[in-house]
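Commentary on secondary and tertiary structure
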Amino acid sequence: CITETTDALTKKSLDDDDDKSKPPSSEVKEVTGWLGPWISQTVDTPDLLVEAGYSYLMDWAQDDVPTYMKTTSGTPILSLPYPQEINDIPCIMVRRASASEFADMIIDNLQELLIEDDDGPPVVMGVALHPYIVGQPFRLHHLRRALAKISQAREANDIWLTTAGDIAQAWRTMVPPTPDDCTKLVSSDPDQLPKKPIVKA
């Protein structure tokens, strides 16, 4: 499934270049990151992603700091934070939070992260938005308030507003994997995994 998805995405980009009704793209970007459908995966997913050429994934919500995960190949894969709480699907559709409450959550999360220790590593604050949910006018009205706070923080140079791919690239430059991150896992069979944690901060 991972290889088929990657091939389909790559083929779509190349097909778009062949479509004379569309302007040609200046470059076809390599697909390097993965967010699984419904954030579903198995213990083998990191190994399969590395095998398919991916360098980061966003399916493990274990921290707000990127971390390297060991794989059986010995090539670590970077795990980027993906929001489970600041995410309109579980928040609004499942937990039934109002649009106003969701906007408040975004603002409160941002403000708290800005208050936390400046001496620690940079953290990632993702906000997962789906247009069919927050794009409804009665919800969008409240979302604009949260986006204004994010925009203010950006203008004050308090945050870097960017993409997951840029975060992954910057993190690998700032915090390259250690030799321990590159140690091979003996097996991805859960019964044979080492007893110590395999995720290193």
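For the structure itself, consult the block above.
Report on the accompanying structure.

1. Considering the overall build of the protein chain
- Helices and strands together make up the secondary structure of the protein chain, namely seven helices and five strands.
- The N-to-C order of helical and strand elements in the protein chain reads α-β-α-β-β-β-α-α-α-α-α-β.
- In the protein chain, buried positions account for 31% of the 201 residues.
- Looking at the protein chain alone, contacts between residues at least 24 apart form 58% of all its contacts between residues at least 6 apart.
- Of the accessible surface of the protein chain, which amounts to about 12,600 Å², a share of 56% is contributed by carbon and sulfur atoms.

2. Thoughts on helix H7 (residues 164–174)
- Where H7 is concerned, the buried positions are Ile167, Ala168 and Trp171. Considered in projection along H7, the buried side chains sweep an arc of 100° and stay on one side of the axis. Among the exposed residues of H7, those pointing more than 90 degrees away from its buried face are Gln169 and Thr173.
- The inward-facing, buried residues of H7 contact strand S2 (56–57), strand S3 (67–69) and strand S4 (77–79).

3. A short note on the side chain of Ser79
- In this fold, Ser79 is placed in strand S4.
- Taking relative accessible area as the criterion, Ser79 reaches 1% and is therefore assigned buried.

4. Re the layout of surface pockets
- Size it by volume and the largest pocket reaches roughly 1,200 Å³.
- Around the largest pocket, the lining is made up of 38 residues, and of these Val123, Val124, Met125, Ile159 and Trp160 lie nearest the centre.
- Going through the elements one at a time, helix H4 (99–115), helix H6 (137–155) and H7 are the ones with two or more residues in the lining of the largest pocket.
- Its residues placed into classes, the lining of the largest pocket shows 29 nonpolar, five polar and four charged.
- In this structure, the second largest pocket encloses a volume near 290 Å³.
- Contributing to the lining of the second largest pocket are Lys29, Glu30, Thr32, Gly33, Ser55, Tyr56, Thr163, Gly165, Asp166, Ala168, Gln169 and Arg172.
- Per-element tally for the lining of the second largest pocket: the top contributor is H7, with five residues.
- A breakdown of the residues in the lining of the second largest pocket according to their chemical character gives two nonpolar, six polar and four charged.

5. Here's the deal with the packing of aromatic side chains
- Scanning the entire structure with this criterion turns up one aromatic pair.
- Judged by centre distance (5.5 Å) and plane angle (80°), the ring pair of Trp34 and Tyr54 falls under edge-to-face. In this pair, Trp34 sits in strand S1 (residues 33–34) while Tyr54 sits in the loop between helix H2 (45–51) and S2, placing the two residues 20 residues apart along the sequence.
- Overall, Trp34 belongs to the buried group, its relative accessible area being 10%.

6. A word on the pattern of salt bridges
- Enumeration according to the criterion identifies three salt bridges in this entry.
- For the salt bridge of Asp180 with Lys70, the shortest nitrogen-to-oxygen distance reads 3.5 Å. Of this pair, Asp180 sits in the loop between H7 and strand S5 (199–200) while Lys70 sits in the loop between S3 and S4, placing them 110 residues apart in sequence.
- Residue Asp180 is classed as partly exposed on the basis of its relative accessible area of 34%.

7. Thoughts on unusual backbone geometry
- If you check the backbone angles, Arg96 has positive phi at about 65° while not being a glycine.
- On the secondary structure map, Arg96 appears in the loop between helix H3 (88–94) and H4.
- Here Arg96 falls in the exposed class, since its relative accessible area comes to 63%.
- One non-glycine residue, Asn157, adopts positive backbone phi at about 65°.
- Judged by its relative accessible area of 70%, Asn157 is exposed.

The rules behind each value
- Residues numbered from 1 in each chain as written.
- Predicted model: local features only at pLDDT ≥ 70, side-chain atom pairs only at ≥ 80, totals over all residues.
- Heavy atoms only, no water.
- Helix = DSSP H or I, 4+ residues; strand = E, 2+ residues; numbered from the N terminus.
- Buried < 20%, exposed > 50% of the residue type's maximum accessible area, 1.4 Å probe, protein only.
- Contact = heavy atoms within 4.5 Å.
- Areas by Shrake-Rupley, 256 points an atom, 1.4 Å probe, with all protein chains shown as cover.
- Arc of directions from axis to C-beta.
- 1 Å grid on protein atoms, 1.4 Å probe; cavity = no way out; pocket = protein on both sides within 12 Å on 5 of 7 lines; lining within 4 Å.
- Points joined across faces, edges and corners; volume = space filled by probe spheres on them.
- Nonpolar A, V, L, I, M, F, W, Y, C, P; charged D, E, K, R; others polar.
- Phe/Tyr/Trp six-rings, centres within 6.5 Å; stacked < 30°, edge-to-face > 60°.
- Salt bridge = Lys/Arg side-chain N within 4 Å of Asp/Glu carboxyl O.

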